[in-house]
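Breakdown of the fold
So the chains spell out like this:
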Amino acid sequence: MMSMSQQLLRSLGATLFFDNARDPRSRILKSAAPLESCSCDGRSAEFSRLLVGAQSSRQGNFLPAGSNETSAKHKAFFWERGEFDALPYIQTLGKFPKEELEDKVVMVRFDSAILLQEDQDHTVQSNLNAHLTIKYLLEARVRIVLVSDWNGEINSKFPDLQSVAEHLSLVLGVNVVPSHCLSHKSPLTEALEKMRVLLLENLSEFKEEVCNSLEFAQTLSSGVDIFVNDSFSQSHKVLASTVGVTRFCCSSVAGFYFEESLRKLKNAVESDKRPHIAIIGGTNFSNKAAALCSLASVCDGMVFVGMMSFQIMHALGLLVPLNNLELGATKEASELVQVAQNKNIPILYPKDFWCLNENVPNQLELFPAHALSKGWMPVDIGPRTLDEIKTLLKKSKKATWIGPVKFKSCHLPAIGARKLACIFNELSQSDCDVTIVGSVARKTMTDESISVAAFSVIENASVWWEFLKGRKLPGVMALDRAYPSDIDWKSVYSEPAQPLVVDIGSGNGLFLLGMAKRWKHLNFLGLEINEKLVRRCLTAVHQSNLKNGYFIATNATSTFRSIVSGYPGELILVSIQCPNPDFNKPEHRWRMLQKSLVEAVADLLIPNGKVFLQSDIKAVAVRMKEQFLRYGKGKLSILQAQDTSINSGWLEENPFGIKSDWEQHVLDRGAPMYRLMLLKSNNVQ
C-alpha cells in the first residue's frame, strides 16, 4: 500500500519529469509572479489533479494585508530579524553530528585566559566547558590543532611554545606537541600523521593575525576540516584565527565555552527578572554612550562609580572639578540622563569619596562629593555611597557589575571595590541573578576569596560593550548559522505533515514561491545563507498569503540535518540549482556541497525520494553529480528513465515547468543548462 508521498513521487518521476519537459509552453515562463493563474496541460495537468485530490489544506495563519493582527509566522519573521542583527543562532559543537567528526582534522581557537590559568578553579563552569571542548573532540577520535595568543612577557611561566605545550598537556591529560609550522611554512598534514594534538605558535607574534590576512588564514587552516571557536573573549575582533579561517574550513562551529559565554551575554541584558540594577565603573564615557543608552532600556536603575560618575554628576548640574571630566562627553552624558528620566530610571552617583593628596601619599581622607578640597584626588567610593548601593541592590532580582570602582591608579587597597564584592556575594546567596563583567570586577571577587561559581561571569568587558552598542560581533557572525531544533512547524505551515520539498540555496525564492503557488498540497522550504534575501522571501510569502512556503536564513551545509530531521512529514524532493561556481572549486574549502550535506540528504529522503541538480556550468553540474554518487551511502542513483544517449545524459528541460530567474536568464541568452535527477532506492533499509 503506497503512502500519499510515494504516490506523489511516482507521478513526479513518471510524468512531470519528462512529459512536461517536452511541453514547449514551459519555455515561456518568465518569472514566478503569474504562476497562480498558469495552466498545466497533458500529463502535467494529471499530476496537478493528483495533488488537488489529496487532502485539502485548511486555512493558515496568514492574514490579509492591512489587517491589524499579525500571524505567529510573521511575528517569528520579525523576531528573527532582530535575532540576526544582534546574536544569530550559530552551529555549536554539541549539536554537530558526532559521527561526522571522526578522523577529521579540527582546529580549536582556545582562550588562553582560561586554559593558561595557573590555578584553575574546576568548580567554575566556564573552566569546565573550556576543557570539555578538547576532551569531547578527543573522544570523537579527531586530530586537533590548537591555536591561540598569549603574552609571555606578562606571564613568565610561559616564555616559549614548549612551556605552553607542557602546561596544556598537564591540564588536558593528553600529549600536546608544539609545532613551528607557521614560521617554517610547512604543511600541518605531515605533523598530524604522527601526533593527535598539535599546538601552533603564539599568534600574537604574527601581524597577519590582527589584520585578518586571508593568505595567513589559509596557511593557518591548511589541512583543517572543521574549525571550533572557543575563544569568546576575542569575538569582538576581526582576526585571521577567528574570522579568516572560516572561509577555508568545511564547517565552523562554537565550542562549549564559546556557547556558554554567548548565552551569558544574551541573558545579561534580558529583562526576565526585575528590578535589574547595573553598577557601572571605568572610564571613556563618550565611547560607551550608545551602549549605556541601550543598558538604560533593559535595567531599572543605574549606579555610576569610577571616573564616569563625574560626567553624570556634571550632567545633573552638580559642581565637578574640570580635571575629572572627559573632554567631549558632555553632550552624551546629558543625552543619557534624559533617556533615563524619560524611562523613569533612577541614576545614582557617589555621595562621598576617599581621596589622596600627592603631598601625603600614604593617607586617605573622606570627603563629601560636593565638597572636595583642593589638591585631593578621588581614588575610591566612600561608606555613604556603599550604603546607598547596598540598599538599592537589596531590592533587586538581577544585578550587573561592570568596570573598576577605583577612580585613579593608587597603590593603596581598593576599599570600596572590596566591600562591593562582599555585597554582590551576599546577593548571589539570595534570589538574585548576579553578572560580573570584565577581568577587573572578576579579580576583585577572587581577591576576596569569593568563588565566582555562583555568578555569571563575562570575562571580556569589551565584548559586552560592543554588544550593547548594537554592533555585530565578527567572531560570532563568522560561524556557521544554525536554527533552533524545536521549530514550531505548526506556525510555519498550515498543514505541517504534508510532504516536504527543500530548495538548498534558494536565492531570491522565485522558483520556490512558484512551486508553492502551483502545488498547494506540498510544503516548500528554502534554505539560503543570505539573510537579506530570506527577509524579502518571507515578506513575499506573507504578502502572497502562502500557507505552504517558508524560508530560513542558514548555512544548509551544517544545518540541513538538524532542521529537516525535525519536520513531522516526509521529505520527498531536494533541489540544488545553480550554486555559485566559485564555491564549488576544489581549492575552495568553504564550498556548499560537502560530504556532510550529501549524507544528510541521502539519509532523510524517503524511499523513491528525488534530488534535482542543475547548473549552467557543466563542471559544477558534473561535480555535484559525482559528490552525490560518491557520498550518498549507496542510496542514490541516476534516475533510470533518463536516456543517456540524449543530451549526453542531461535533462533537456526543467521537469517542473517553473524556472528560477537565473535559469531563465541563461536560457534567454541561448546558453545550455545541465540538469540531473537522482533517485533514492526503495530497497534501502
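In case you missed it, the structure is sitting above this.
Residues numbered from 1 in each chain as written. Predicted model: local features only at pLDDT ≥ 70, side-chain atom pairs only at ≥ 80, totals over all residues. Heavy atoms only, no water.

1. Regarding the pattern of salt bridges
In the structure shown here, the tally under the stated rule is 23 salt bridges. When the shortest N-O distance is used, the salt bridge between Arg141 and Glu102 registers 4.0 Å. Of this pair, Arg141 sits in the loop between helix 5 (125–139) and strand 2 (143–147) while Glu102 is found in the loop between helix 3 (72–85) and strand 1 (105–110), placing the two residues 39 residues apart along the sequence. The exposure class assigned to Arg141 is exposed, which follows from its relative accessible area of 57%. Connected via shared salt-bridge partners are Glu100, Arg561, Asp603, Lys633 and Lys635. (Salt bridge = Lys/Arg side-chain N within 4 Å of Asp/Glu carboxyl O. Helix = DSSP H or I, 4+ residues; strand = E, 2+ residues; numbered from the N terminus. Buried < 20%, exposed > 50% of the residue type's maximum accessible area, 1.4 Å probe, protein only.)

2. Topic: the packing of aromatic side chains
On inspection of all chains with the given rule, the structure shows 14 aromatic pairs. On the numbers, 6.5 Å between centres and 35 degrees between planes, the contact of Phe285 with Phe304 is tilted. One end of the pair, Phe285, is in helix 12 (residues 285–296); the other, Phe304, is in strand 8 (residues 301–304), with 19 residues separating them in the sequence. Like Phe304, Phe285 is buried. Ring centres of Phe612 and Phe656 lie 5.1 Å apart, and the angle between their planes is 85 degrees; this geometry places the pair in the edge-to-face category. Here Phe612 is found in strand 20 (residues 605–615), whereas its partner Phe656 is found in the loop between strand 21 (636–638) and helix 26 (661–668), with 44 residues between them in sequence. Phe656 matches Phe612 in its accessibility class, with the two residues each being buried. (Phe/Tyr/Trp six-rings, centres within 6.5 Å; stacked < 30°, edge-to-face > 60°.)

3. Side note on helix 23 (residues 556–564)
In terms of burial, helix 23 is largely enclosed, as seven of its nine residues are buried. When we look at burial in helix 23, the residues that qualify are Ala556, Thr557, Ser558, Thr559, Phe560, Ile563 and Val564.

4. What to know about the sheet that holds strand 5 (residues 226–230)
What the six strands build is an open sheet, ordered 3-4-2-1-5-6; its pairing is parallel. Each edge of the open sheet carries a strand with a single partner, namely strand 3 (177–178) and strand 6 (251–254). In terms of strand pairing, strand 3 meets strand 4 (residues 197–199) through two bridges, oriented parallel. Directly across from Pro178, in strand 4, lies its bridge partner Leu199. Running at roughly 160 degrees to strand 5, helix 5 makes contact with strand 1, strand 2, strand 4 and strand 5 of the sheet. (Pairing = 2+ DSSP bridges. Contact = heavy atoms within 4.5 Å. Axes fitted to C-alpha atoms, helices over the stretch in contact; angles between N-to-C directions.)

5. Side note on the environment of Gly375
With respect to the helices and strands, the residue Gly375 is situated in the loop between strand 11 (360–368) and strand 12 (376–381). Between the C-alpha atom of Gly375 and that of Cys355, which follows or precedes it by 20 residues, the distance is 9.4 Å. Apart from residues no more than four positions distant in its own chain, Gly375 is found in contact with Leu356, Asn357 and Glu358.

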